[in-house]
Number of protein chains: 4
Amino acid sequence: MALVVEKTTSGREYKVKDMSQADFGRLEIELAEVEMPGLMACRTEFGPQQPFKGARITGSLHMTIQTAVLIESLTALGAEVRWCSCNIFSTQDHAAAAIARDSAAVFAWKGETLQEYWWCTERALDWGPGGGPDLIVDDGGDATLLIHEGVKAEEEYERSGKLPDPASTDNAEFQIVLGIIKEGLSVDPCKYRKMKERLVGVSEETTTGVKRLYQMQANGTLLFPAINVNDSVTKSKFDNLYGCRHSLPDGLMRATDIMIAGKVAVVCGYGDVGKGCAAALKQAGAQVIVTEIDPICALQALMEGIPVLTLEDVVSKADIFVTTTGNKDIVMVHHMKQMKNNAIVCNIGHFDNEIDMLGLETYPGVKRITIKPQTDRWVFPETNSGIIILAEGRLMNLGCATGHPSFVMSCSFTNQVIAQLELWKEKATCKYEKKVYVLPKHLDEKVAALHLGKLGAKLTKLSPEQAAYINVPVEGPYKPTHYRY
Amino acid sequence: MALVVEKTTSGREYKVKDMSQADFGRLEIELAEVEMPGLMACRTEFGPQQPFKGARITGSLHMTIQTAVLIESLTALGAEVRWCSCNIFSTQDHAAAAIARDSAAVFAWKGETLQEYWWCTERALDWGPGGGPDLIVDDGGDATLLIHEGVKAEEEYERSGKLPDPASTDNAEFQIVLGIIKEGLSVDPCKYRKMKERLVGVSEETTTGVKRLYQMQANGTLLFPAINVNDSVTKSKFDNLYGCRHSLPDGLMRATDIMIAGKVAVVCGYGDVGKGCAAALKQAGAQVIVTEIDPICALQALMEGIPVLTLEDVVSKADIFVTTTGNKDIVMVHHMKQMKNNAIVCNIGHFDNEIDMLGLETYPGVKRITIKPQTDRWVFPETNSGIIILAEGRLMNLGCATGHPSFVMSCSFTNQVIAQLELWKEKATCKYEKKVYVLPKHLDEKVAALHLGKLGAKLTKLSPEQAAYINVPVEGPYKPTHYRY
Amino acid sequence: MALVVEKTTSGREYKVKDMSQADFGRLEIELAEVEMPGLMACRTEFGPQQPFKGARITGSLHMTIQTAVLIESLTALGAEVRWCSCNIFSTQDHAAAAIARDSAAVFAWKGETLQEYWWCTERALDWGPGGGPDLIVDDGGDATLLIHEGVKAEEEYERSGKLPDPASTDNAEFQIVLGIIKEGLSVDPCKYRKMKERLVGVSEETTTGVKRLYQMQANGTLLFPAINVNDSVTKSKFDNLYGCRHSLPDGLMRATDIMIAGKVAVVCGYGDVGKGCAAALKQAGAQVIVTEIDPICALQALMEGIPVLTLEDVVSKADIFVTTTGNKDIVMVHHMKQMKNNAIVCNIGHFDNEIDMLGLETYPGVKRITIKPQTDRWVFPETNSGIIILAEGRLMNLGCATGHPSFVMSCSFTNQVIAQLELWKEKATCKYEKKVYVLPKHLDEKVAALHLGKLGAKLTKLSPEQAAYINVPVEGPYKPTHYRY
Amino acid sequence: MALVVEKTTSGREYKVKDMSQADFGRLEIELAEVEMPGLMACRTEFGPQQPFKGARITGSLHMTIQTAVLIESLTALGAEVRWCSCNIFSTQDHAAAAIARDSAAVFAWKGETLQEYWWCTERALDWGPGGGPDLIVDDGGDATLLIHEGVKAEEEYERSGKLPDPASTDNAEFQIVLGIIKEGLSVDPCKYRKMKERLVGVSEETTTGVKRLYQMQANGTLLFPAINVNDSVTKSKFDNLYGCRHSLPDGLMRATDIMIAGKVAVVCGYGDVGKGCAAALKQAGAQVIVTEIDPICALQALMEGIPVLTLEDVVSKADIFVTTTGNKDIVMVHHMKQMKNNAIVCNIGHFDNEIDMLGLETYPGVKRITIKPQTDRWVFPETNSGIIILAEGRLMNLGCATGHPSFVMSCSFTNQVIAQLELWKEKATCKYEKKVYVLPKHLDEKVAALHLGKLGAKLTKLSPEQAAYINVPVEGPYKPTHYRY
């Protein structure tokens, strides 16, 4: 696609695949609203006060139908919003169209190139002359990364006159990032520093993004406050676990139509994501095997009747491989060569480097047969035997299906809204330093409470005597901080 | 679509949606072959002898990728094949295109009107001057029905000169059937009787179709031998059960992206299909409730922890309704009016009359909003509250997803191939009368055995002493006929 | 125990372990009555007419609390009853005491020797001068066997003057049977033939016993009508499946307190009993592996995510071995030698010859350490490594726990009562020949229906239109005979 | 029992039920050792150094077979040990006998009165003239409580001359505690203060005990350091969860033989214990309903398909009630009156005050019928309808069965050993203040690692590059402190 920003009749910028899908998007957004009680409750509770009046929010987060409901919750509370996706395959084009037409500046489409991806990110951060956004909603940390790298480059440039050099790295994606920053520097050598100045904070919702933030906090390089939404219980123990339990089989079925029952499936990693995936596969009738580095998680798998072995033990016997580790180099090309014909290899954990895509792409004589978008059969020349790679090694639930369902995303996104409200409310105080924070437990409990009614649940109320007996307030929070759920 | 038969360069007739999808269909057929060991084993075992040499086979069975592998198994054994789908929404257009281009005469596309549907069925049965097919592969019994109704009409016409009168029935679909027969009569008043004469037999694979056959047998009106493939253990206890366990959530997710976890789901009927659906929903985290008429099936549900209630008890509390009964008038429009907003109503059992589509369509003031094909929201004027109907009340796994996965269909279809072989082999003998037969148990066991290797299973062998002890042959069959599995 | 018959004050014979446990037995019988709605409904429905007035019923069936409720249902309907257990370890002594004191002649205690066992059986069949019982309630077929062997011996003796020779067989138990018959012959050479003459029929409730009956029917040696209660759906698909799902872990836990989660468990056989055992172990968190001879059952296991391998493949890796085959020679001593230290070996399928107890007992240098009754550790001299054998290789759920729970036994036993009523009602007609019969489906459905209310279930009623549509009576039966549930 | 201390031939004190059961206890201890790899690994790793040389350890913890292996692990590491149970019903008498005979001073038997219970506790703390123990292994905190109350009373007495007054409290059990302290004061007014002086610290393993410790820490009244073993992941997420998943059905089955399948079961509380119980009941085929005060736990239940309602909603429909809350007044006598006849009420969470035993016992006209020890039927006079109370409202898995199985207790107890080692090692340093500590994560991971081999698991090893990528040491710990597993 030609990278030219378009404008709505009202003058709002956007770049999406097909504006004619906006009506379809709107219909699905309306369905999703019914499934997202937490977000709708925020609109009801906070909408009248317009707390985000005057706030500019940039989001870098899969541009799906669910995200559309998040975006319109932010605008319903008074915010102006610009948005990009955080994954080249995760945009639902009808969602992007509806939002672009009706609510916010969107730069996202399914199947971006990496160059396009970072262009979109940069567009979403660019609020024109007045600097960048006040707040960032981040997923995976790419918006945060761009600002940090931008500031670093600007400071280096100011210090030494040295421009960032894409050739300084092997990482193809990072080359693009440096290229974009380099280009920006020539236009405005203070661009990212102005962003940093204006920025009140970021709320981040993935394990991977949070890990980056804690590392920056540890290194003292974090440039603004961050709220770790991922570690709200109502996020990590719901979205990561139950979301993946839903969307892993969804992705497998849409991409390959394979019968899961009877198959041998290997889940690499038994954290929250791995637990959800293993549960889904087991329930669908697969023989599941887990690989783990952490003895505690390994023992949990065993208690559920799931053997824990190494990838080497099972690589030639399994039919389905799922990476959920948040680490790199999990399934290597030498593993893939040993797999059964048409073994399925996919990633639902993290970046595409969980799977050795580079090793596969550069394997001498390998042949790629695209069955359909995001479903490729790769054939090794020695054996003429193929494996199926989903979503080019990227998140398969977003690449091959539609990501997590609305209800569980409502939990995650209600945390996002609450975190954004909190950052914005405290913008003038010193409450939040350049550190990573989690939301207090009573807000976590509130997010959960907002989702019970939709499912017909009724809570029991503590009597004052009972509350005193266990030493908690009648209205909560009910658990100590270290409680694990 | 204009109902005009097209021809391949080789002169084979077809009518499909889009011939350009043939390559995509071929790629998916190749994937499916790896998942269908029973069919591929038939090709290996029987292919060299070409047992179907000279046989004309007509199939009326969902024109999917899996069916494509079945068709090419029949042609690999020497048959000539004509095919139509047995459901207006179940065709996968890329599968139809690949088969039409490469292997057989196909008349099928996704989204046929009823008029088109019966045109396709009639085309598939029409082998030109020499009469009809030698064999029929049937699913639901529509091809069988057309011949029986045709013969009845011809006999009546011969007797009384009376043509069939579409106006004699309220049933819209049956009006079309009578219309087609009426039209045919004017061209050739012996057409269906010639078909009947030539026909060696039919193999039928659904509960519904089999029920029709047993009724005709009981009435003495069955015109040719039939093999009941549905009641092979390797069909009804696999396809119906495990197939639906897979494809029900697949259909739900593709059509609505709804989170199943936490929802209240009602499964009407707890036969094999209902058991599969209930298991899938329960495992996905729904609260499942079953409705049943049969106390034995009801007690089975209870033993699995599933409450058995009436639809009236739960109609206003549930989020998802699935009909699996094989009966009619299960979810009526008066039920639908009481449902929660955006409750999902779908059918995976039988014809669209499990759900009162007629009542819904004719409800005064009702509004239909098509979210996307096969996903409609119907809004009642009194409440402005809507329900979601999948696949217009027809089989939702085929209408909204891709039907059952290859592996389990390989079990069903291997039974079909074996049944067809058996009918054809005995065509000149009196082995099969105008009755309904099931396959002998050793063939049922053989079908199962052909599917074990793919899943890495190893059977234990009986010693002669053990075989004598339990009084079975060492090589099986291992169970008495009445054994229920 | 000295084998001397005792008498109650009312003159009824008995031989039990400890009459002082009668009160305890009575309390548990009262609890069980609440859990056995089918039997209690029979008392209500049939009690007033006293249909068994004048009938002598002998039962050979585990003398448990549940059986006590069965016995008192028979006496409540007018029968006189004599009873023995059908397994040396299965008697609950408090149940035996309560029944002996209050209701029927009982000859049973936990931990009989084989000699005592057959003495009890013979006592239960001996109704004094007037011949034997009118009806037999059998489980495993030992009462039936004794009569058949007795008649055979008497005929041989009459023919040739030859007495049965215990030395003619290697089978230790059969030697005892022959000894008892031999002894009887010297007292009354027509004893078993008189029994046969009087006997109206037997109802048999196990797979093993039924298999014997069908073999006798096939050989033409069956001496009286038999009703196969095992193959009522409400028996084999409930007792065998859900009963074992409950009582297998119960037996394991009471005998060994072992944690099932995390263990590797091998289930030999995947019939109804095996399915129940595998489900229980899987749900408790074990890694389950199945061995099978039947490819259909094997494929069912695979569809549930359970690998199917041979015993040899896993013998050295598994922690728990359960035999459920109904065959002999499943786990041999050479297998046991290869097992891990303290591997548990138990049988829930059939006789103790599923496990090679003879091979184990006669293994040179093997050492038996009784941990507690029915839990033995056997240590091999070569390795000093031991295995744990439960219930000496006999049914572990009855030997180590209390057998199946009341509710599911109510289903089985209601079938028994209905079968006994049917045999007795037709005693003077020719309805039942010397063949094996199953109960008609409407009675099977009735048994199920009697158990729904207790679990709060509500059935849906067919409308006449619906009944006509699927061609069944409104009030059932609802399924064809071949339906598998 | 007469409360007289007995002595072994070697002069070690004890008081147990029946010393003749020592051999049986020893056999079961030997079985348990094979199932407790963590404890056995501690013996191997630390035994040679005898780290506990000179240490006196008092334990107040269910005197079961598993605890016996713990005690002998402490003695194998050089400790002298005195022990009592922490629950009047939880002692296994054969375990107590074996330990009393072979290894440590034991004061415990199944079925103590409360008076006897506190006598035993006091005996276990009394090491003679030299003061009390060096270390305490606590479960529920009763040993810790006695010392704290003792010290408080001694200080009050010193200050004011006032003796503790049992009449000052309504709580029957606390009256006994005050009585014992009062008696002790007259003998030695410094007894508990001397204990406190000597005491190095306590390790506590229950949620309830830990809660007490944190409250004392908050109040500033904690007298010595405490290690919170309960919140080791390898304790709370294993013992509490998987232990109860095993031992709840075990207790139900041993106490009542009830069929769980088909029943409606209410689990009050969905913490770790409640999660384990709900999972067990669901898997056994019950319809499970949860009650909760915490919206997050409630939402977790919903995601597993379990409805969340209040006790009032379901009290008259359920068959089984299980309390797991760690709070008081959960099932009150007014609830019990509304229950179905023979509904089962039991507690697996905490003290017997989760169930309103006092209300039940004092209900006018109520009748208690003891079916067998720890299984009572209580009949209300108005309805003549009864409910079944297990273990008199105390922990039913310990009262009615044998508690958690060895393997999971090995995880908990290995934490105990490691905590004791840590306290003892640091006794002379200032590392531990009068506060509550948890074990560091690397020790938690170590406990898990020690249990993998037994289950055949193989861990994957991080490469240095991978470790660097996710910023953890190659050898762990692998997760941040806030990680929830």
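Only a predicted model underlies this, so the values are computations on that prediction, with no experimental measurement involved. (Residues numbered from 1 in each chain as written. Chains lettered and ligands numbered in written order. Predicted model: local features only at pLDDT ≥ 70, side-chain atom pairs only at ≥ 80, totals over all residues. Heavy atoms only, no water.)

**Overview of the overall build of chain A**
Scanning chain A for helices and strands turns up 19 helices and 16 strands. By the compact-globule yardstick of 23 Å for 485 residues, chain A fits well, its C-alpha radius of gyration being 23 Å. In terms of overall dimensions, chain A has C-alpha extents of about 70 × 65 × 45 Å along its principal axes. Here chain A holds 485 residues, and 67% of them are scored as buried. In the form shown here, chain A has an accessible surface area of approximately 15,900 Å², with 54% of it arising from carbon and sulfur atoms. When the 51 positive and 60 negative side-chain charges of chain A are each reduced to one mean point, those points stand 2 Å apart. (Helix = DSSP H or I, 4+ residues; strand = E, 2+ residues; numbered from the N terminus. Rg over C-alpha atoms; globule rule 2.2 N^0.38 Å. Buried < 20%, exposed > 50% of the residue type's maximum accessible area, 1.4 Å probe, protein only. Areas by Shrake-Rupley, 256 points an atom, 1.4 Å probe, with all protein chains shown as cover. Lys, Arg positive; Asp, Glu negative; His and termini not counted. Charge placed at Lys NZ, Arg CZ, Asp CG, Glu CD.)

**Focus: the interface of chain B and chain A**
Contacts between chain B and chain A engage 40 residues on the former and 40 residues on the latter. With both chains or domains summed, chain B and chain A bury close to 3,400 Å², and 58% of this area falls on carbon and sulfur atoms. For the interface between chain B and chain A, the tally reads 6 salt bridges. Residue Lys263(B) pairs with Glu35(A) through a salt bridge whose shortest N-O separation is 2.7 Å. Here chain B and chain A share 11 residue pairs in polar contact (both at pLDDT 80 or more) between them. Residue assignment for the side of chain B that touches chain A shows that the elements contributing at least two residues are helix H1 (22-35), helix H11 (239-256), strand E13 (367-372) and helix H18 (406-425) of chain B. Of the residues belonging to the side of chain B that touches chain A, the class tally is 18 nonpolar, 11 polar and 11 charged. (Contact = heavy atoms within 4.5 Å. Buried area = accessible area lost by both parts, 1.4 Å probe. Salt bridge = Lys/Arg side-chain N within 4 Å of Asp/Glu carboxyl O. Polar contact = N/O pair within 3.5 Å; in protein donor to acceptor, adjacent residues only side chain to side chain. Nonpolar A, V, L, I, M, F, W, Y, C, P; charged D, E, K, R; others polar.)

**Focus: the sheet that holds strand E14 (residues 375-379) of chain B**
An order of E10-E9-E11-E12-E15-E14-E13 (chain B) is seen for the 7 strands of this open sheet, with the pairing classed as mixed. At either margin of the open sheet sits one strand with a lone partner, and together these are strand E10 (287-291) and E13 of chain B. The sheet shows a mean angle of 20° between the axes of neighbouring strands, direction not considered. The sheet contacts of helix H1 (residues 22-35) of chain A involve E13, E14 and strand E15 (386-390) of chain B, and relative to E13(B) the element is tilted by about 105°. Relative to strand E9 (residues 264-268) of chain B, helix H12 (residues 272-283) of chain B is tilted by about 170°, and along the sheet it contacts E9, E10 and strand E11 (320-323) of chain B. (Pairing = 2+ DSSP bridges. Axes fitted to C-alpha atoms, helices over the stretch in contact; angles between N-to-C directions.)

**Quick word on the relation of the copies chain B and chain A**
Once chain B has been moved 0.0 Å along the axis and rotated by 180°, it coincides with chain A to within an RMSD of 0.1 Å. Within this description, the copies of the chain are treated as partners about a two-fold rotation axis. Nearest to the rotation axis, the C-alpha of Gln283(B) is located 2.9 Å from it, this being the minimum over chain B. The fraction of interface residues of chain B whose copies in chain A are also interface residues reaches 100%, indicating that both copies meet through the same surface. (Least-squares fit on C-alpha atoms with pLDDT ≥ 70 in both.)

**A short note on the UniProt feature "domain: S-adenosyl-L-homocysteine hydrolase NAD binding" (unreviewed entry) in chain A**
UniProt tags residues 240-403 of chain A as "domain: S-adenosyl-L-homocysteine hydrolase NAD binding" (unreviewed entry). The annotated region residues 240-403 of chain A carries 35% helix and 21% strand content, and the separation between its end C-alpha atoms amounts to 11 Å. (UniProt positions renumbered as here; feature names shortened; annotations may be inferred.)

**Examining the relation of the copies chain D and chain A**
For the match of chain D to chain A, the screw axis carries a shift of 0.0 Å, the RMSD comes to 0.0 Å, and the turn is 180°. When the interface residues of chain D are mapped onto chain A, 100% of them again fall at the interface, so both copies present the same face.

**Topic: the packing of aromatic side chains**
Scanning the model with the defined rule gives 24 aromatic pairs over all chains in all. Summarising the aromatic geometry, the rings of Phe107(A) and Trp119(A) are spaced 6.2 Å apart at their centres and angled 85° between planes, so their arrangement reads as edge-to-face. Of this pair, Phe107(A) sits in strand E5 (residues 105-107) while Trp119(A) sits in helix H5 (residues 114-125), and the two are 12 residues apart along the sequence. Between Phe238(D) and Tyr242(D), the aromatic rings sit 5.6 Å apart at their centres with planes inclined by 55°, giving tilted as the arrangement. Per residue, the accessibility class of Phe238(D) equals that of Tyr242(D), and both read buried. Between the NZ or CZ atom of Arg82(D) and the centre of the ring of Trp127(D), over which it lies, the distance is 5.8 Å. (Phe/Tyr/Trp six-rings, centres within 6.5 Å; stacked < 30°, edge-to-face > 60°. Lys NZ or Arg CZ within 6 Å of the ring centre and 35° of its normal.)

**Some words on the side chain of Arg123(B)**
All names here are of chain B. Among the secondary structure elements, Arg 123 is positioned in helix H5 (residues 114-125). For Arg 123, a relative accessible area of 15% gives the class buried. Looking at Arg 123, its side chain comes within polar contact range of the side chain of Asp 126, at 2.9 Å.

**Here's the deal with the pattern of salt bridges**
All names here are of chain C. Scanning all chains against the criterion turns up 145 salt bridges over all chains. The residue Glu 122 makes a salt bridge to Arg 123 at a minimum N-O spacing of 2.9 Å. The two residues Glu 122 and Arg 123 agree in class, both being buried. Linking Glu 158 and Arg 193 is a salt bridge whose minimum nitrogen-to-oxygen distance equals 2.9 Å. One end of the pair, Glu 158, is in helix H6 (residues 142-160); the other, Arg 193, is in helix H8 (residues 191-198), with 35 residues separating them in the sequence. Accessibility expressed as a relative area gives 59% for Glu 158, which makes it exposed. By relative accessible area, Arg 193 is classed as buried at 15%.

**Examining the packing of helix H10 (residues 233-256) of chain A against helix H11 (residues 272-283) of chain A**
All names here are of chain A. Packing of H10 against H11 brings their axes to within 7 Å, and their N-to-C directions diverge by 40°. As judged from the angle between their axes, H10 and H11 are oblique. In this structure, the crossing between H10 and H11 has a hand that is right-handed. Along its contact with H10, which presents Ser 236, Lys 237, Asn 240, Leu 241, Cys 244, Arg 245, Leu 248, Pro 249 and Leu 252, the element H11 presents Asp 272, Val 273, Lys 275, Gly 276, Cys 277, Ala 279, Ala 280, Leu 281 and Gln 283. (Parallel < 35°, antiparallel > 145°, perpendicular 65-115°, else oblique. Left-handed = near helix turned anticlockwise from the far one by under 90°.)

**Here we look at the state of the cysteines**
This structure, assessed with the given rule, holds 0 disulfides over all chains. Here Cys268(A) stays free of any disulfide, with the sulfur of Cys346(A) as its closest cysteine sulfur at 9.9 Å. In this structure Cys86(C) is a free cysteine whose sulfur lies 7.8 Å from that of Cys84(C), the closest cysteine sulfur available. Note on Cys86(C): relative accessible area 11%, which makes it buried. (Disulfide = S-S within 2.5 Å.)

**Some thoughts on the interface of chain D and chain A**
Contact residues are listed per partner, giving 68 residues for chain D and 68 residues for chain A. Taken together, both faces of the contact between chain D and chain A bury some 6,200 Å²; the carbon and sulfur share is 60%. The closest approach of N and O atoms between Asp294(A) and Lys479(D), which form a salt bridge, is 2.8 Å. Taken together, the links from chain D to chain A amount to 30 residue pairs in polar contact (both at pLDDT 80 or more). Sorting the residues of the side of chain D that touches chain A by element identifies helix H9 (207-219), helix H10 (233-236), helix H11 (239-256), helix H12 (272-283), helix H13 (295-303), helix H18 (406-425), helix H19 (441-450) and helix H20 (464-470) of chain D as the ones contributing at least two each. The leading source of residues in the side of chain D that touches chain A is H13(D), at 8 residues. When its residues are assigned to classes, the side of chain D that touches chain A shows 30 nonpolar, 19 polar and 19 charged.

**Some words on helix H2 (residues 37-46) of chain D**
Listing the buried residues of H2(D) in full gives Pro37(D), Gly38(D), Leu39(D), Cys42(D), Arg43(D) and Phe46(D). Where H2(D) is buried, its residues contact helix H1 (22-35), helix H3 (65-76), H18 and H19 of chain D.

**Some words on the sheet that holds strand E6 (residues 135-138) of chain B**
Residue and element names in this part refer to chain B. Sheet architecture is open: 9 strands sit in the order E1-E2-E5-E4-E3-E6-E7-E8-E16, paired in mixed fashion. Strands with a single pairing partner mark the edges of an open sheet, and in this sheet they are strand E1 (6-7) and strand E16 (436-437). As judged from the 2 bridges shared by strand E8 (residues 226-228) and E16, these two strands associate in the parallel manner. Note that in E16 the partner of Ala 226 across the bridge is Val 436.

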